Amino acid sequence: MSGREPLLLAIESSCDETGVALVVGGRRILAQAVASQIALHAPAGGIVPELAARAHLRWIVPALAEVLEVAGVTIPEVDGIAVTAGPGLAGSLLVGIAFAKTLAWAHGLPLVGVNHLEGHLYAAWLLDPDEPERPGPPFPLVALVASGGHTFLVEMRDHLAYRLLGETVDDAAGEAFDKAGRLLGLGYPGGPAIAAAATGALRHDAVLPRAWMGDSYDFSFSGLKTALRRQVEGELATAGRPGNEAGGRLDTSRVSELAWGFQEAVVDVLAAKTLRAADETGAAAVVLGGGVASNQALRARIAAGVAARGLPLFVPRPGLCTDNAAMIGAAGWHRFVAGERATSDLAARPAWPLIRPAGAPATRRPPRRGTAARAYETALAAERDAAGNATGDPIASPTRGGAR
Ligand code: KG4
Ligand code: ZN
């Protein structure tokens, strides 16, 4: 369509939410739908990949139909299609990619493959349908993305240009919340459950360890999870109750106190490193994204810190922190207007890192032994193949970003 900014149809199916959105000019959401699979995976206490892929298949067409109807838009009016190509669950990614390719082919529309993590960053630029216009985040900025699968800090000096400051060396923050939720018998997903339990804590003296990782901007949450498990098991043993993963056998009041202590430990580290990064890089703004950024304690802590520094904070409303397609439309727009196009061999990239220019050595510490190491190598090999075959691969551009 002419006379206005490009309208992108965006599709997200990397994990356990089926998302479809229409986004104008990389910022304004016309309509969006997110079909959540939380209830589907809750009985298993975590995401079951095969169920996730089937649910994407079930809901992706109704989600598209709903979005088109709400916006009053037909597919030929769309200028392009943006789809999450990775990282994520291979089977889930494939559903969205196959769907997007089919639509693009059938309607003769350009297609762009988007990195899910870039989507989480770009959620901070989104405007809801009825939200007043406001400027987007200014550069340079520091952004924290904390989700179920990833936790990292980047500096952005311009659009699509990232310098990795630090990342988790083991669990992602959301993964730690989910494991802690299981330990405390709070169910899945653990993040919102822990946050809710923590608000009921009457005592605020449960102190769990923080891994500061020296002066680095890296994170580590596995020690905190172990400390919580030992604490729960110790208290259950003292109380003479059977100790297993069902920490819910602790009194509700104690579960709340430990949930508070756990949340506090995670928030403390995430907030301190983000604020220090803003100071040390001379950031003009701070951006938060990812499911954990919907945590009110984290938002409040970072909001207080940036206010004290006179900096603006850009944090999406909670529904745009967790997985959604609008953020893919925001990030995809920048790729789209830069002329990037995916071809019909666009492949799912389950381990696609946000930042790794061609030829740069990976600085990420890969798992050294066992099944994790083999899975990592297989994913990397598949990714190298995909990168070799793809045209217009955004990540293969040596002009972008820092080393990773
Ligand atoms: O970004 P997201 O929707 O999916 C991934 O890309 O991983 O993040 C999901 C993660 C889950 O681990 C969930 O427990 C966590 O975000 N989460 C929260 C909150 N809401 C969701 N963690 C802490 N507090 C919350 N309020
Ligand atoms: Zn996500």
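This text follows the structure it describes.
Keep in mind that what you see is a predicted model, and the values were worked out from it rather than measured.

Chemist: Got a minute to help me understand the site of ligand 1 in this structure?
Modeler: Not every one of the 20 residues close to ligand 1 is listed here, only the nearest: G148, G174, G191, G291 and N295. Within the residue set of the shell around ligand 1, elements represented by two or more residues are α5 (173–183) and α6 (190–199). Taken together, the residues that form the shell around ligand 1 break down as 6 nonpolar, 11 polar and 3 charged.

Chemist: Honestly, the packing of α5 against α6 in this entry has me stumped. Any pointers?
Modeler: The geometry of a pair of packed helices is captured by two quantities: the angle between their axes and the separation between those axes. As a packed pair, α5 and α6 sit with axes 7 Å apart at the nearest point and diverge in direction by 65°. The way α5 lies across α6 gives a crossing that is left-handed. Of α6, the residues touching α5 (which contributes G174, F177, D178, K179, A180, G181 and R182) are G190, G191, A193 and I194. Looking at the contact of α5 with α6 residue by residue, the class counts come to 4 nonpolar, 4 polar and 3 charged.

Chemist: Looking at this structure, I do not really get the sheet that holds strand β1 (residues 7–12). What am I missing?
Modeler: Pairing between the strands of a sheet is mediated by backbone hydrogen bonds and can be parallel or antiparallel. If you walk across this open sheet you meet the 5 strands as β3-β2-β1-β4-β5, and the pairing is mixed. Unpaired on one side and paired on the other, β3 (28–36) and β5 (111–115) mark the two borders of the sheet. Pairwise comparison of adjacent strand axes, ignoring direction, gives a mean angle of 20° for this sheet. In the sheet, β1 pairs with strand β2 (residues 17–24) via 6 bridges, with the strands oriented antiparallel. Counterpart to L8 in the pairing with β2 is V23. Its contacts with the sheet put helix α2 (residues 49–71) on β2 and β3, and the angle it makes with β2 is roughly 25°. Contacts from helix α3 (residues 90–107) reach β1, β4 (80–86) and β5, with the element oriented near 160° to β4.

Chemist: I keep staring at helix α7 (residues 222–238) and nothing clicks. Help me out?
Modeler: Since the α-helix advances by 3.6 residues per turn, residues separated by three or four positions end up pointing in the same direction. For α7, which comprises 17 residues, the first-to-last C-alpha distance of 24 Å matches the rise-based estimate of 24 Å (1.5 Å per residue) to within 8%. Among the residues of α7, those classed as buried are L224, K225, L228 and V232. Across the axial projection of α7, the buried residues extend over an arc of 100°, all falling on one side. Of the exposed residues in α7, those oriented more than 90 degrees away from the buried face are T226, R230, G234, A237 and T238. Check the buried side of α7 and you find it contacts α5 and α8 (252–281). In the segment just after α7, G240 is the residue with positive phi, at about 70°.

Definitions and cut-offs
Residues numbered from 1 in each chain as written. Chains lettered and ligands numbered in written order. Predicted model: local features only at pLDDT ≥ 70, side-chain atom pairs only at ≥ 80, totals over all residues. Near = placed C-beta within 6 Å. Helix = DSSP H or I, 4+ residues; strand = E, 2+ residues; numbered from the N terminus. Nonpolar A, V, L, I, M, F, W, Y, C, P; charged D, E, K, R; others polar. Axes fitted to C-alpha atoms, helices over the stretch in contact; angles between N-to-C directions. Left-handed = near helix turned anticlockwise from the far one by under 90°. Contact = placed C-beta atoms within 7 Å. Pairing = 2+ DSSP bridges. Expected span 1.5 Å × (residues − 1). Buried ≥ 20, exposed ≤ 12 C-beta atoms within 10 Å, placed from the backbone. Arc of directions from axis to C-beta.

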